[in-house]
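# Tertiary structure, described
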Amino acid sequence: MSERSFSAEASRGLTRRRFVTGTGSVLGGLALLGPTAPTAYAAGTGEATAARTDSLLPPIESGARIPVLVVGTGYGGAVAALRLAQAGVDVHMAEMGMAWDTPGSDGKIFANTTRPDQRSFWLRTRTKQPLCQFLGYPIDKDIPRYTGALDAEDFAGITVYQGRGVGGGSLVNGGMAVTPRREIFPALLPTVDPGAMYDVYYPRANQALGVGSVDRAWWEGADCYQYARVGRKHAERSGFPFVFVPGVYDWDYMKQEAAGAVPRSALDGEVIYGNNHGKKSLPKTYLAQAAATGRVTVSPLHEVTTVTPAAGGGYTVTLNRLDTTGATVETKTVTAGRVFFAGGSVGTGKLLTRLRDTGALPALNDQVGKGWGDNGNVMCGRANHLWDPTGALQSSMPTAGIDNWDAGGAFAEVAPLPTGIETFASFYLAITRTPRRAEFRWNPAAGRVDLTWDRAWKQTSIDAAKTIFDKINAKEGTVYRSDLFGAYKIWGDHLTYHPLGGAVLDRATDNYGRLHGYTGLYVIDGALIPGSTGVNPFVTITALAERNIEKIIATDL
């Protein structure tokens, strides 16, 4: 069935609740159910109004026929929705997480990093913080089960941290917007033209994301970046380049935070459970522009479970509408002319593997599920001397890193440890060169998709990180902290923030993300990237999505 044949019914079935924007946030999702009676913002006003959750009708109805369904609202999905809408195509987005647009009883949308509550974690009854101990004491605590902003998804040997909500990972990351060095790009995506990426698509992505650089003169004197200046001193005294990295935080807002003129966000330690102010997450950039076209709608708390070819053309898609406990309250079936998988590396990789191996999409090839990697993530801390304080006030937005990629295969983000007290500690997230790749596999006995990751594979990343930190410790006379990731445990080797792969470009798909075996099915997220980018990956995911959707619009629509 053609795209045009879906348009009339799409306009009837999708306009009951439009995907709209208010004061910089996506407004129009299901209400945030706090521990007391919830409130909601009236769309476009920024004023709090009383809200009844039973009056908030979902924006997509069972039986709807739509030209395009985008599964997920993270970087790749946001790019696809905006560019398709600008090309005149009506788009609906299904998002498993919430629309984070409504304050809780404390007047804030997101939970604070040091005070996690039910808003912090996705469907957990106890927090699982990346840094699980401090000064020898466990810091995780019990919380109500809720559709929180950060998903700590456990597989054998690794926990994968992912954003949950309209905006995906942009809600919960540190905002370091890194374009890889051009000379390493051919090893990352060998079938993609570097000239087009660096001349067209990286600049386009950076502009649309609102990427900017911290004011260096202000940074040099800011109390909140004392920790980073200590990191610079130690790196340079050991002969390592210290590299400033742009980001997507509003640096002028941060200056006002430091001056006490606006509510604090980065300077209140907000980051992994969301920023209430300051950060240019996708609801303020790509998704806001998509909403402004009038052609994009979104269904928060809708999980896609099945995609199968429809008898009359297009695809039959089954979605479960969830409540904030994660329970299914309604199952819907819609028909989409085209489907873009944009649920993130794990979401897309798992879903496609299950659809292929359970017979829903049996023509997907054997490369689906393969090429998954952790971007070489490993964390550590160092105990500094008393004459090297890192500061009680630390901005949660990192600005720089230590570059030892050429010699040791590691780039280390100088990360904050925003505890609110002086710790005399330096903290790092290393991104390392690693050959290790895992595979998603359908487990029919358990009825789930597993990941073939081996915890021992992290030793490659530890060895690469040690090329930096062993040398710094020897030079400074310092030692590793062993009280952050468990008792007497130096390395945070149990996690990744940067999942990549699972439906690799030019393997599971063609060179522009079209899935082999089916017309009208696409992958447009981090699943396309084979396991590593060598840097924080979201700018590369965004730029690759810009490249791919441009080609798809030109040739497929």
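Refer to the structure above for everything that follows.
Residues numbered from 1 in each chain as written. Predicted model: local features only at pLDDT ≥ 70, side-chain atom pairs only at ≥ 80, totals over all residues. Heavy atoms only, no water.

## Here's the deal with the side chain of Ser426
You can see Ser426 is positioned in strand β19 (residues 425-432). Within the structure, Ser426 has its side chain in polar contact with the side chain of Asn384 (distance 2.9 Å). When near neighbours in sequence (up to four residues on either side) are disregarded, Ser426 contacts Val230, Cys380, Gly381, Arg382, Asn384 and Thr390. (Helix = DSSP H or I, 4+ residues; strand = E, 2+ residues; numbered from the N terminus. Polar contact = N/O pair within 3.5 Å; in protein donor to acceptor, adjacent residues only side chain to side chain. Contact = heavy atoms within 4.5 Å.)

## Quick notes on the pattern of salt bridges
When their charged atoms lie close together, side chains carrying opposite charge are able to pair. This structure, assessed with the given rule, holds 32 salt bridges. Two residues, Asp142 and Arg126, come together in a salt bridge whose shortest N-O distance is 2.9 Å. Note that Asp142 is positioned in the loop between β8 (137-138) and β9 (150-155) and Arg126 in the loop between β6 (91-94) and β7 (133-134), a separation of 16 residues in sequence. Looking at Asp142, the relative accessible area reads 59%, which means it is exposed. You can call Arg126 partly exposed: its relative accessible area is 40%. (Salt bridge = Lys/Arg side-chain N within 4 Å of Asp/Glu carboxyl O. Buried < 20%, exposed > 50% of the residue type's maximum accessible area, 1.4 Å probe, protein only.)

## Focus on unusual backbone geometry
Look at Asn375: it is not a glycine, yet its phi comes out positive at around 60 degrees. With respect to the helices and strands, Asn375 occurs in the loop between α9 (344-357) and β16 (377-383). In the Ramachandran plot, Phe424 falls in the positive-phi region, its phi being about 50 degrees despite a non-glycine side chain. By the element assignment, Phe424 lies in the loop between β18 (410-415) and β19.

## Digging into α9
Here α9 spans 20 Å end to end across 14 residues, near enough to the 20 Å set by a 1.5 Å rise per residue. With its phi angle positive at about 90 degrees, Gly359 sits one or two positions after the end of α9. (Expected span 1.5 Å × (residues − 1).)

## Here we look at the packing of aromatic side chains
The way to describe two aromatic rings as a pair is by their centre distance and the angle between their planes. This model, assessed by the stated rule, comprises 22 aromatic pairs. Ring geometry for Trp219 against Phe244: centres 4.7 Å apart, planes inclined by 75 degrees, an arrangement best described as edge-to-face. You can see Trp219 sitting in helix α5 (residues 216-221) and its partner Phe244 sitting in strand β11 (residues 242-244), a full 25 residues away along the chain. Look at Trp219 and you get buried, because its relative accessible area is 0%. Between Tyr225 and Tyr227, the aromatic rings sit 5.9 Å apart at their centres with planes inclined by 40 degrees, giving tilted as the arrangement. Of the two residues, Tyr225 and Tyr227, neither departs from the other in class, the shared state being buried. (Phe/Tyr/Trp six-rings, centres within 6.5 Å; stacked < 30°, edge-to-face > 60°.)

## A short note on the sheet that holds strand β23 (residues 495-496)
Taking strand neighbours across the sheet as the criterion, the three strands line up as β9-β10-β23 in an open arrangement whose pairing is mixed. The strands lining the two open edges of the sheet, one partner per strand, are β9 and β23. Strand contacts of α9: β9 and β10 (158-163), with the helix running at about 50 degrees to β9, the strand carrying the most contacts. (Pairing = 2+ DSSP bridges. Axes fitted to C-alpha atoms, helices over the stretch in contact; angles between N-to-C directions.)

## Re the nonpolar core
The biggest cluster of nonpolar side chains holds 81 residues, and the ones touching the most others in it are Val307, Phe340 and Phe341. The residues touching Phe340, leaving out its near neighbours within four places in the chain, are Val68, Leu69, Val70, Val71, Ala80, Leu84, Tyr522, Ile524, Ile549 and Ile552. Ala149, Val214, Phe242 and Tyr480 belong to the second largest nonpolar core, which has 69 residues in total. (Core = buried A, V, L, I, M, F, W, Y, C linked by side-chain atoms within 4.5 Å.)

## Some remarks on the sheet that holds strand β17 (residues 400-404)
The antiparallel open sheet is built from six strands, whose spatial order is β11-β17-β18-β19-β16-β22. In the strand order of this sheet, the two ends are held by β11 and β22 (479-480), each with one partner. When β18 meets β19, the two strands line up antiparallel, connected through six bridges. When the sheet's bridge partners are listed, Ala415 is paired in β19 with Phe427. Packed on one face of the sheet, helix α11 (residues 458-476) meets β16, β17, β18, β19 and β22 and runs near 20 degrees to β16.

## As for the environment of Gly326
Topologically, Gly326 is positioned in the loop between β14 (315-322) and β15 (328-341). Judged by its relative accessible area of 22%, Gly326 is partly exposed. The residues touching Gly326, leaving out its near neighbours within four places in the chain, are Leu123 and Thr147.

## Considerations on the pairing of β6
Side-chain positions along a regular strand alternate between the two faces of the sheet. Burial along β6 is two-sided: the residues Val91 and Met93 and His92 and Ala94 are all buried. When strand β5 (residues 65-71) meets β6, the two strands line up parallel, connected through four bridges. Looking at the pairing, Val71 lines up with Ala94 of β6. For the crossover that starts at β5, traverses helix α2 (residues 75-86) and ends in the parallel β6, the hand is right-handed. In the sheet, β6 pairs with strand β12 (residues 296-299) via four bridges, with the strands oriented parallel. Each bridged residue has a counterpart across the sheet, and for Met93 the counterpart in β12 is Val298. (Right-handed = clockwise from strand over helix to strand, strands pointing away.)

Without other data, these values stay purely geometric and don't point to any function.
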